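Each chain, written out:
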Amino acid sequence: MAFSFSNILKSKSKVQPTEEIQKIKFDGGTKYAENKTDDVYLDFEELGGFPFIKTIIIGLFSTKIKRIGCTLTFIFEDDTLTLNSDNTDVESNQIKNTPLYFTEIDFELNDDEAEKIRTQKVVEIQYNFKNKILSFNPL
């Protein structure tokens with residue numbers, strides 16, 4: 001039985017996150033934005049006459065936040081709009097048999113904010129989790 005350091009030091013080929021994400025068939029939302037490691041699905045919904053945004057992040061991003069929630073900022077060409085998460089607890093769940101996570105977050109908004117997001121050109125969206133900012137480019 002021989003021991004070789006060269007076998008330990010060989011770089012293992014890693015599967016790219018985008019390849020893994022493409023394998024997942026997600027029909028629970030409309031793909032809205034992406035970055036190198038994650039995709040964002042975003043839909044406008046209404047509950048009891050109140051509009052909200054349902055977002056889902058699928059990819060390598062993982063978090064567990066208690067009591068403070070997060071924010072979502074829409075960056076327009078000459079303006080910004082920041083929304084607060086509906087729930088103060090945010091938690092990612094690992095997708096079975098993959099290295100990817102599923103993070104669902106709802107955001108409160110009013111009719112004027114919803115109209116602004118629908119009609120103005122969004123240049124970038126940013127999630128702010130505690131001290132971490134995730135940026136995405138809309139499709």
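Not measured: the values here are computed from a predicted model.

Undergrad: Please clarify how the sheet that holds strand β3 (residues 50-59) should be interpreted in this entry.
TA: Two orientations exist for strands paired in a sheet by backbone hydrogen bonds: parallel and antiparallel. Sheet architecture is open: ten strands sit in the order β4-β7-β8-β3-β2-β1-β10-β9-β5-β6, paired in antiparallel fashion. Among the strands making up the open sheet, the edge pair consists of β4 (64-65) and β6 (80-84). Across two bridges, strand β1 (residues 31-34) lies against strand β10 (residues 132-138) in antiparallel orientation. What sits directly across from A33, in β10, is P138.

Undergrad: Just checking my understanding: could you explain the side chain of T63 for this structure?
TA: When you line up the elements, T63 lands in the loop between β3 and β4. T63 gets classed as buried once you look at its relative accessible area, which sits at 15%.

Undergrad: Where do I start with the pattern of salt bridges in this structure?
TA: Should the charged atoms of two oppositely charged side chains come close, the side chains can pair. Under the defined criterion, the tally for this structure stands at five salt bridges. Residues K31 and D39 are paired through a salt bridge, measuring 3.2 Å at the closest nitrogen-oxygen approach. In this structure, D79 and K116 form a salt bridge, with 2.2 Å as the shortest nitrogen-oxygen distance. Here the residue D79 occupies a position in the loop between β5 (70-76) and β6, and K116 occupies one in helix α3 (residues 111-119), the gap between them amounting to 37 residues. Connected via shared salt-bridge partners are K31, E34 and D39.

Rules behind the numbers
Residues numbered from 1 in each chain as written. Predicted model: local features only at pLDDT ≥ 70, side-chain atom pairs only at ≥ 80, totals over all residues. Heavy atoms only, no water. Pairing = 2+ DSSP bridges. Helix = DSSP H or I, 4+ residues; strand = E, 2+ residues; numbered from the N terminus. Buried < 20%, exposed > 50% of the residue type's maximum accessible area, 1.4 Å probe, protein only. Salt bridge = Lys/Arg side-chain N within 4 Å of Asp/Glu carboxyl O.

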